[in-house]
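These are the residues of each chain, in order.
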Amino acid sequence: MFLVLTIVTVIGAGCASSQNQVAQRMVSSSVAMSEQNVEVIDLAASLKAGDTSKKEEDQIKYRKIQLDGFEKIDQLKEWLTEIQTKQEGLSATYGLKKDYFKSIKVALQFIDELEASHKSITDIRSEPRFFDLVNLLNALRNRSYSSKEESLEILTAPISLLSHLQRPEVVLPTSASQLPIQQEYSLSPEAYSKELVRSPLFSPNAQVCTYAGPKTGYGFKAGLKILCGDQKLKLKFGPESHTGPFNSRLFRAAGILTPRIDFVSQVEMKYDRKFITEFNSRKQTNTKVTVLGIKVKEKAWNTAIKDPMGVVSAMKLNDGTVLAGAQLAEFKKGLYTSTDKNFTFDESKESKIATVTFTEGSVIEDIDAIEVGPWRFDEPNHMNNEVLRQQFMMSIWVGNNDLPMNNTRLLITKERAEDKTKTVKVIPIYIDVGVGLGVSDSIKGMSSYEIDKMSGTMSETYTDSRGDDPTTQKTKVVFQFINKTPTKIIEKLTFADVVNGLNLMCLYKPEQLNAALLQAGIPTSLAEKATSKLVSRRSKLIKDLELQRQFSHCLHGPS
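Keep in mind that this is a model prediction, so the values were computed, not measured. (Residues numbered from 1 in each chain as written. Predicted model: local features only at pLDDT ≥ 70, side-chain atom pairs only at ≥ 80, totals over all residues. Heavy atoms only, no water.)

A. Examining the overall build of the chain more closely. When its secondary structure is counted, the chain shows 20 helices and 20 strands. A burial count over the chain gives 50% of its 559 residues as buried. Working note: accessible area of the chain is about 25800 Å², and carbon and sulfur atoms make up 51% of it. (Helix = DSSP H or I, 4+ residues; strand = E, 2+ residues; numbered from the N terminus. Buried < 20%, exposed > 50% of the residue type's maximum accessible area, 1.4 Å probe, protein only. Areas by Shrake-Rupley, 256 points an atom, 1.4 Å probe, with all protein chains shown as cover.)

Here it is in structure tokens:
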């Protein structure tokens, strides 16, 4: 029993081309999905309809709708319309935000367009708009399946552990004719490098920001929202302050959609006591351990109360005095006391504060779009999308192995909600690519931004022999990468995905990688070491795939 609980504890700790070309390829991948069965959409869960403490008339009844015919689409339309009519009451009862109802409105617009097309259901399934609708509905459903309470069945713990230990692998083709055609990119490496070393989002030394709200999502890292000029940004602290900015630049330059993230050595903000009182507004994550569905243990994560003043490195007083070091530490004493969420301030001290300066961190841009909800790698439309699988290779390269549902979002461009004549864009993005440049091949020692511990290789080969007959022997490439959140996209990886992912990796020259690492605030010596390891990992993969001739331009570093 102790061994099983130990396994459970380990698992619980672990769970937590150009852009135009990428968009075109994503559409073609959606069309290719027309032969796939669309999963059942359970939208009622997003309204917490199972909460029997609410009155029946305040709930939308639990329903599962299969999108397999016009009559069911009509049923879905009727149900979504009912949500819209009850918007005010549902918002008050369940805390649903405006973006939720804007997303429902766009879904209804999609359905109107499908009905107006007067095509057969087979034809509708081949339309990108149909898959936009399915992805939108999935994201609405996922919005409620947050990580605030995860359930782990103790009898299936060994299976869960094995899924965590699963390493991606591909089989080498036996014939050169099976090799995929190398991708052509319209942007030159110089054009890509502009994203790598682009101008910062704002100048922290020339601008004083204001408080815009707390961090209210999940996660162990502290943070807050700030307004700098007309830019609304998220300020995040912790080891990902360097790796997030680097991964973001690298991914965006390859056409992978993620917010712009910058390293900042400091940020000065006009003092606002809400920064202190709201600092610990992050949601708590609970893992419930069950045996045959009966709860036997519950583990709460992300419960530590962070000291707001722990991320303040300096204060400026109204008279111009700057406090730092011992003077700051002395001034902090007695500034406020708190019990639970009740705060008492020394107003005579507080009235003297003009600004606070935060320690180093990262700022993340706020994307101006309707946020529908998270998307999952194991949803059919995503795990069967070749573009996402190729992008997954970039994650393996940099060691970005933290890919849970809460690190993804489906966005809708805002203009569609106001003007039906404009083409809507449903955009799947990665909102958090912070983990990287550390240990990504050990469930026990996973880390971020420990470049000294990062392996210089990402792949190895072995022969899968099924007897003496050489025709039954297969050479496989296995990746030294364990995903914190197991996903079926690993099982779907093909040799073509790996090669096309390698095309993305080979967009960058070593000097461009080094420049991007420096832009991310990584010290020169560590930036050089990280560059060497990234180049070595890429070169070793090329040799393991036996593609030295095709990727001769990308071979650098030790053999």
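There is more to say, and it comes next.
B. Structural context of the packing of aromatic side chains. Evaluated as defined, the whole model comprises 14 aromatic pairs. With 5.8 Å between their ring centres and 55° between their planes, phenylalanine 237 and phenylalanine 358 make a pair best called tilted. Of this pair, phenylalanine 237 sits in the loop between β5 (231–236) and α10 (240–253) while phenylalanine 358 sits in strand β14 (residues 353–358), and the two are 121 residues apart along the sequence. You'll find phenylalanine 237 and phenylalanine 358 in the same group, each marked buried. Taken together, the ring pairs in this structure connect Trp375, Phe377, Phe392, Tyr430 and Phe481 into an aromatic cluster. Over the ring of phenylalanine 331 we find lysine 349, and its NZ or CZ is 5.3 Å from the ring centre. (Phe/Tyr/Trp six-rings, centres within 6.5 Å; stacked < 30°, edge-to-face > 60°. Lys NZ or Arg CZ within 6 Å of the ring centre and 35° of its normal.)

C. Seen up close, the environment of threonine 81. Secondary-structure assignment places threonine 81 in helix α3 (residues 70–85). Separated by 24 residues in the primary sequence, threonine 81 and lysine 105 place their C-alpha atoms 8.5 Å from one another. At 2.7 Å, the side chain of threonine 81 forms a polar contact with the backbone oxygen of lysine 77. (Polar contact = N/O pair within 3.5 Å; in protein donor to acceptor, adjacent residues only side chain to side chain.)

D. Local environment of the pattern of salt bridges. Counted by the stated rule, this structure contains 22 salt bridges. As a salt-bridge pair, lysine 476 and glutamate 169 come within 3.4 Å of each other at their nearest N and O atoms. Taken together, the residues span a long stretch of sequence, with lysine 476 in strand β20 (residues 474–479) and glutamate 169 in strand β2 (residues 169–171) at a distance of 307 residues. The partly exposed category is assigned to glutamate 169, whose relative accessible area is 29%. Between arginine 198 and aspartate 262 there is a salt bridge, and its shortest N-O distance comes to 2.9 Å. On the criterion of sequence distance, the pair formed by arginine 198 in the loop between α9 (189–196) and β3 (210–214) and aspartate 262 in strand β6 (residues 261–264) is long-range, its members being 64 residues apart. Take arginine 198 and aspartate 262: they sit in the same class, and that class is buried. A network of salt bridges, in which partner residues are shared, links Glu113, Arg129 and Asp132. (Salt bridge = Lys/Arg side-chain N within 4 Å of Asp/Glu carboxyl O.)

E. Layout of the state of the cysteines. Summed over the entire model, instances satisfying the criterion amount to two disulfides. Across the disulfide from cysteine 209 sits cysteine 228; the S-S distance is 2.0 Å. The sign of the 105° torsion about the S-S bond sets the cysteine 209-cysteine 228 disulfide as right-handed. Pair noted here: cysteine 209 is in the loop between α9 and β3 and cysteine 228 is in strand β4 (residues 223–228), with a separation of 19 residues, a long-range link. (Disulfide = S-S within 2.5 Å.)

F. View of the packing of α10 against helix α19 (residues 510–519). Across the interface, α10 lies against α19 with an axial gap of 8 Å and an inter-helix angle of 140°. Looking at the two axes, α10 sits oblique to α19. Like other packed secondary-structure pairs, α10 and α19 cross with a definite hand, here right-handed. Between α10 and α19, the residues in contact are Phe246, Arg249 and Leu250 and Leu513, Ala516, Leu517 and Gln519, respectively. (Axes fitted to C-alpha atoms, helices over the stretch in contact; angles between N-to-C directions. Parallel < 35°, antiparallel > 145°, perpendicular 65-115°, else oblique. Left-handed = near helix turned anticlockwise from the far one by under 90°. Contact = heavy atoms within 4.5 Å.)

G. Region of interest: the sheet that holds β2. An order of β2-β20-β19 is seen for the three strands of this open sheet, with the pairing classed as antiparallel. Either end of the sheet is taken by a strand with one partner, and the two such strands are β2 and β19 (459–464). Taking each pair of neighbouring strands and ignoring which way they run, the sheet shows an average axis angle of 25°. Both β19 and β20 contribute to a ladder of six bridges, which runs antiparallel. Counted as the bridge partner of tyrosine 462 is lysine 476 from β20. (Pairing = 2+ DSSP bridges.)

H. Region of interest: the packing of helix α5 (residues 98–116) against helix α7 (residues 128–142). The N-to-C vectors of α5 and α7 enclose an angle of 155°; their axes lie 10 Å apart at closest approach. Judged by the inter-axis angle, α5 sits roughly antiparallel to α7. Our pair here, α5 against α7, has a crossing hand that is left-handed. On the side of α5, the interface is formed by Tyr100, Ser103, Ile104, Val106, Ala107, Phe110, Ile111, Glu113 and Leu114, while α7 contributes Arg129, Phe130, Asp132, Leu133, Leu136, Leu137 and Leu140. Of the residues contributing to the contact of α5 with α7, the split by class is 12 nonpolar, one polar and three charged. (Nonpolar A, V, L, I, M, F, W, Y, C, P; charged D, E, K, R; others polar.)

I. Seen up close, the nonpolar core. In this structure, Phe246, Leu250, Met394, Trp397, Tyr508 and Leu541 are the most contacted members of the largest nonpolar core, which totals 91 residues. Of the residues forming this core, the biggest block, nine residues, is contributed by α5. When near neighbours in sequence (up to four residues on either side) are disregarded, phenylalanine 246 contacts Val398, Leu437, Leu513, Ala516, Leu517, Ala520 and Leu534. Listed in part, the 33 residues of the second largest apolar core include Met269, Tyr271, Phe331 and Ile353. (Core = buried A, V, L, I, M, F, W, Y, C linked by side-chain atoms within 4.5 Å.)

J. Seen up close, the side chain of serine 395. Assignment of secondary structure puts serine 395 in helix α15 (residues 386–398). According to the relative accessible area criterion, serine 395 is buried, its value standing at 2%. Serine 395 has contacts with Phe251, Asn400, Leu403 and Phe481, leaving out every residue within four places of it along the chain.

K. Region of interest: the environment of lysine 215. Following the sequence through the fold, lysine 215 ends up in the loop between β3 and β4. With a relative accessible area of 18%, lysine 215 lands in the buried category. Sequence-distant contacts of lysine 215, defined by excluding residues within four places in its chain, comprise Lys221, Ala222, Gly223, Leu224, Ser281 and Arg282.

L. Molecular detail of the pairing of β4. Two strands pair when backbone bridges link them, and β3 and β4 are joined in this way by four bridges, in the antiparallel orientation. In the strand pairing of β4, threonine 210 is matched with leucine 227. Relative to β5, β4 is paired through six bridges, and the arrangement is antiparallel. Following the sheet pairing, leucine 227 is matched in β5 by lysine 232.

M. Representation of the sheet that holds strand β18 (residues 426–430). Across the sheet, which stays open at both edges, the three strands sit in the order β16-β17-β18 with antiparallel pairing between neighbours. On the outer flanks of this sheet lie β16 (369–373) and β18, each paired with one strand and no other. Ignoring which end each strand starts from, the neighbouring axes of this sheet average 35° apart. In the packing of α5 onto the sheet, the strands contacted are β16, β17 (408–413) and β18, and the crossing angle to β16 comes to about 90°.

Remember, this is a structural readout, not a statement about activity or role.
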